There are 2 protein chains.
Amino acid sequence: MEPKVENIYNFSAGPAALPKPVMKQAQADFIDWNGLGTSVMEISHRSKEFIKVADEAEQDLRDLLNIPDNYKVLFCHGGARAQFAAVPMNLLGQSKKATYIDAGYWAESAVNEAEKYCEVDAFDAKTTIDGKAAVIPASEWKVAADSAYVHFCPNETIDGIEINELPQTDKPIVADLSSTILSRQIDVSKYGVIYAGAQKNIGPAGICIVIVRDDLLELASEALPSVLSYKVLAEKDSMFNTPPTYAWYLSGLVFKWLKEQGGVEAIEHINREKAELLYNYIDESDFYKNDVHTNNRSRMNVPFQLAKPELDAQFLELADKAGLKSLKGHRAVGGMRASIYNAMSLEGVQALVDFMKAFEKDNA
Amino acid sequence: MEPKVENIYNFSAGPAALPKPVMKQAQADFIDWNGLGTSVMEISHRSKEFIKVADEAEQDLRDLLNIPDNYKVLFCHGGARAQFAAVPMNLLGQSKKATYIDAGYWAESAVNEAEKYCEVDAFDAKTTIDGKAAVIPASEWKVAADSAYVHFCPNETIDGIEINELPQTDKPIVADLSSTILSRQIDVSKYGVIYAGAQKNIGPAGICIVIVRDDLLELASEALPSVLSYKVLAEKDSMFNTPPTYAWYLSGLVFKWLKEQGGVEAIEHINREKAELLYNYIDESDFYKNDVHTNNRSRMNVPFQLAKPELDAQFLELADKAGLKSLKGHRAVGGMRASIYNAMSLEGVQALVDFMKAFEKDNA
C-alpha cells in the first residue's frame, strides 16, 4: 500500500523538498494568484504586483540573516555553478590570484572554473582523524599574500563534511553556502560574498542568491557577461533581464514560512536535533556507519553505509515503499545519503530512524 | 463584477500567459506528480523520472520544429540576455568581428553586449515607408567579409516590428527568436544558432532554449563561463549544473499542448487569424492606429495608440476591469500593446476587439 502524501519524506540532496505548507499555498494560488486571474508566473516582472513579491522576498531574507545595509542582495539566474565563474570575474580586480580552500567535490569544482580566470592558490584542507574524514583547522590554512579573496565551501553535500570555522584572513571571504544558508545563524558581516543555489534551503532550482558587500562591486572584469555582473544586477535590482520570477516567488514563500517557524535561530535548533537523532542512532548501531569525524559532520547531508553493502538495493527499495524517498548516496561514494534541509521535519527523520531500526532487526 | 478566470485574457509581453490547459494540469500535479508523492521540482534532475521529462521535452521540440540531427538542443539558465554574451563568446573563434542587423531595441541590446567581446559591424536596418516604421529589405543588408556570424532579431517586441526574411549570407545566421519561436514555421537548417527566452512562447521565465549546429561547438573562447558554453552543455545534455527543472517541465507540457493543437503549422494559421482580426479592426477605425508598415507588422506584439491619448489611462482601467490584462505599451513608446503569443486564443483577441469597439463607440 502506498503511503499518503502527508507521510512521504523526501531526502533528495537537491533539487530538494520544499516546505509542505509552501507547496500547498502555491498550488492553491497557481492559476489565480492575488485575485489577478492569472498565475504569478504570467505577469510582468516590472508590474507593481511582482515588484512587491520581489521586495518582500529581499526584506524577509535580510531579516532572517540580519544582513547589514552595506550588503546587496541579488537574485540571479544560473545556480551556484554560474558563480564559480562569476566570483573571479567580479572580484579579481587587478589581482591575478585567489585562494581556494579545498575540502571536497564542490570546492574542487569551483577551483576548476576559477583557473580559467586566475592563478588558483589551492589549500588542501582534507585530512583524517582516527581514520575518519575531517578538515584541517582553519588556524592552519595558508593564504597567499597576493590573493584577491579566499573562497571556501563550508558544506560538502556529497561527502557530508561541514566546516564550522571561517578562514582567518583580512581578505574578502567568499563562501558557497548552497547547502547551509538559512540552516544556522551566520554573521554576514564576516563575509565579502555569500552565494547559494536555491534548490536546497531556499526554493526550486533555477535561482541563486548572492549577498555581496557593496565595496566589492567596483572590481568587475570588462569581459564579464552582464547577467553575471554583481554591479549591473545591484544597479538594476536583479532585473537587468527578466528574472526567474516563479522561483523568486517560491523563495519568498519559503522565507515567510521560515519566519513563521521562528526564524534561523529556531530552525537551527531543530536542525541540530534532527542531525543528532540520526547520527546518534548510526553511532549506536553496528549495522550502519558514517565515515566522517564528529568535528566535521554535516547537519544537512548525512551519508551512511550498511555493514552489509550487498543489502543496499533492498534497503533503498523498501525505504522508497515506506515513503522515504531519494536516499541513494551520490554515485561517487555509494551507500546512502539523507539530506535533511530545513524543509525536512523532525518527524521525517524519526520515520527514517524507525525504518532503519526495523531494517536492522530484520537483517542484522 | 470581476470576470471569471476563464474569461480573463492576459496580453502580457512577457512573462506571458501560458496555455490554460497546461496551467490546470500543472496545478493538479503540483504536490503529487507522477504518483511520487512530491512535486517534479523536488526530485533530482538525474533521477530517471526527470530524465524522461527532459528527453521528451527535447524530442517534442525537435518534432515541432523539424530540427535536423546535426543540431543540438540546449536548455539553458539565464534568459536570452545571457545569450547576448554567450553568442560572441561561443562563436567568434579566431575572428574579431561580427555583423549585427539592427531593427530595434533588442537588436541594439545584443550589440551593446557583443561590443565587450568583438568589433561589431552594425547595419541599421530601420527605415520608414509612407511615414510608417519598416525594415530595409534583406537584399540590401551589408555584411562585413571578415565577420564570424550575422546576428538578427526578427521580432522586436516593443515596437511591434517583424522581419520576414533571412540575412543573405554564407556566414552562420544567429537569431534571437524569443518572441517568434514556435509561432510560425521556420527552416532550422538555415540557421547557425537559434535562441529564445522561454517567457513568451515556451514556458515561464528562467529558461532559454538554444539550438546550435554542431560544427559551431568548437569555437568557444577559453574565458567562457562553463554555464554559457554550448560545447559543455551539449556534452552534458544541459545538465552541467542543476538545470531549472520546473521551467523545463512546464516547457515540456507546452510542447505537448502545441502538438495537440496540430503543431506549428496549425498554430501559425491561428496566429495569422488573430493578427489579421486585430490589425484589420485598427486599420478600419479612425479611433485607433498602429504605426508599423504592413510589410513589417508583428504577428506576436501589436502596439496601438488612441487618437485621443488623454484617454489611455481610462482605456487601460476599463480593459482591466473587463478581464483584458496587461495592455499597457512599453514605457519607451507609450500607448497600448497586445501581445498575442501562442497561448492567446482567437476568442481572447475577439474579446479585445469587442471591447475596443465599445470603447470607441462611447468615446469617439
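Residues numbered from 1 in each chain as written. Chains lettered and ligands numbered in written order. Predicted model: local features only at pLDDT ≥ 70, side-chain atom pairs only at ≥ 80, totals over all residues. Heavy atoms only, no water.

Asks: Looking at this model, I keep getting lost on the UniProt feature "binding site: L-glutamate" (unreviewed entry) in chain A. Mind explaining?
Replies: When the UniProt feature table is mapped to this numbering, "binding site: L-glutamate" (unreviewed entry) covers Arg46 of chain A. Examined against the element boundaries, Arg46 of chain A turns out to sit in the loop between α1 (20–28) and α2 (48–65). With near-sequence residues (within four places) excluded, Arg46 of chain A lies in contact with Ile51, Met239 and Phe240 of chain A together with Arg331 of chain B. (UniProt positions renumbered as here; feature names shortened; annotations may be inferred. Helix = DSSP H or I, 4+ residues; strand = E, 2+ residues; numbered from the N terminus. Contact = heavy atoms within 4.5 Å.)

Asks: Help me understand the packing of aromatic side chains, please; the structure alone is not making it clear to me.
Replies: When we look at a pair of aromatic rings, we describe it by the centre distance and by the angle of the planes. All names here are of chain A. Considering all chains together, one arrives at 38 aromatic pairs over all chains under this definition. Seen from their ring centres, Tyr246 and Tyr249 are 5.3 Å apart, and the 35 degrees between their planes marks the pair as tilted. Here the residue Tyr246 and the residue Tyr249 both occupy positions in helix α6 (residues 245–260), the gap between them amounting to three residues, near one helical turn. In this structure, Tyr246 and Tyr249 share a single accessibility class: buried. (Phe/Tyr/Trp six-rings, centres within 6.5 Å; stacked < 30°, edge-to-face > 60°. Buried < 20%, exposed > 50% of the residue type's maximum accessible area, 1.4 Å probe, protein only.)

Asks: Explanation requested: helix α8 (residues 312–321) of chain A in the structure shown.
Replies: For the α-helix, the turn length of 3.6 residues means that residues three or four positions removed from each other point alike. Residue and element names in this part refer to chain A. Among the residues of α8, Asp312, Phe315 and Ala319 are the ones counted as buried. Mapping the buried residues of α8 onto a view down its axis gives an arc of 60 degrees, with all of them on the same face. In this structure, the buried residues of α8 make contact with β13 (288–289), β14 (301–306), β15 (324–325), β16 (336–339) and α9 (346–363). Following α8 by one or two positions, Gly323 adopts a phi angle in the positive range, close to 90 degrees. (Arc of directions from axis to C-beta.)

Asks: Just checking my understanding: could you explain the packing of helix α2 (residues 48–65) of chain B against helix α6 (residues 245–260) of chain B for this structure?
Replies: The packing of two helices is summarised by the inter-axis angle and the distance between the axes. Residue and element names in this part refer to chain B. Close contact between α2 and α6 brings their axes to 9 Å; oriented N to C, the two are set at 40 degrees. On the basis of the axis angle, α2 is oblique to α6. The interaxial crossing formed by α2 with α6 has left-handed handedness. Touching Phe50, Val53, Ala54, Glu56, Ala57, Asp60, Leu61, Asp63 and Leu64 of α2 are Thr245, Trp248, Tyr249, Gly252, Phe255, Lys256, Leu258 and Lys259, all from α6. Among the residues forming the contact of α2 with α6, the class breakdown is 10 nonpolar, two polar and five charged. (Axes fitted to C-alpha atoms, helices over the stretch in contact; angles between N-to-C directions. Parallel < 35°, antiparallel > 145°, perpendicular 65-115°, else oblique. Left-handed = near helix turned anticlockwise from the far one by under 90°. Nonpolar A, V, L, I, M, F, W, Y, C, P; charged D, E, K, R; others polar.)

Asks: So what exactly am I meant to see when it comes to the pattern of salt bridges here?
Replies: Between side chains of opposite charge, a pair can form when the charged atoms approach closely. Residues and elements named next belong to chain A. Counting across every chain of the model gives 46 salt bridges over all chains. Residues Glu119 and Lys97 are paired through a salt bridge, measuring 3.8 Å at the closest nitrogen-oxygen approach. In this pair, Glu119 sits in strand β4 (residues 119–124) while Lys97 sits in strand β3 (residues 97–102), placing the two residues 22 residues apart along the sequence. Ionic pairing is found between Lys321 and Glu317, a salt bridge with its closest N-O pair at 3.5 Å. In this pair, Lys321 and Glu317 both sit in helix α8, four residues apart, roughly one turn of the helix. (Salt bridge = Lys/Arg side-chain N within 4 Å of Asp/Glu carboxyl O.)

Asks: Any chance you could explain the domain arrangement of chain A here in plain terms?
Replies: Many structure descriptions define interface size as the accessible area lost when the parts assemble. Residue and element names in this part refer to chain A. By domain assignment, chain A separates into domain 1 (27–260) and domain 2 (264–363). Measuring from the centre of the C-alpha atoms in domain 1 to the corresponding centre in domain 2 gives 27 Å. The partner domain 2 presents 24 residues to the 26 residues of domain 1 that form the contact. In this assembly, domain 1 packs against domain 2 so that about 2,200 Å² is buried in total across both faces, 51% of it on carbon and sulfur atoms. Viewed at the interface, domain 2 and domain 1 are joined by 16 residue pairs in polar contact (both at pLDDT 80 or more). Per-element accounting of the side of domain 1 that touches domain 2 gives the leading share, four residues, to strand β6 (residues 132–135). Along the lines of polarity and charge, the residues of the side of domain 1 that touches domain 2 split into 12 nonpolar, eight polar and six charged. (Domains from an automatic or database assignment. Buried area = accessible area lost by both parts, 1.4 Å probe. Polar contact = N/O pair within 3.5 Å; in protein donor to acceptor, adjacent residues only side chain to side chain.)

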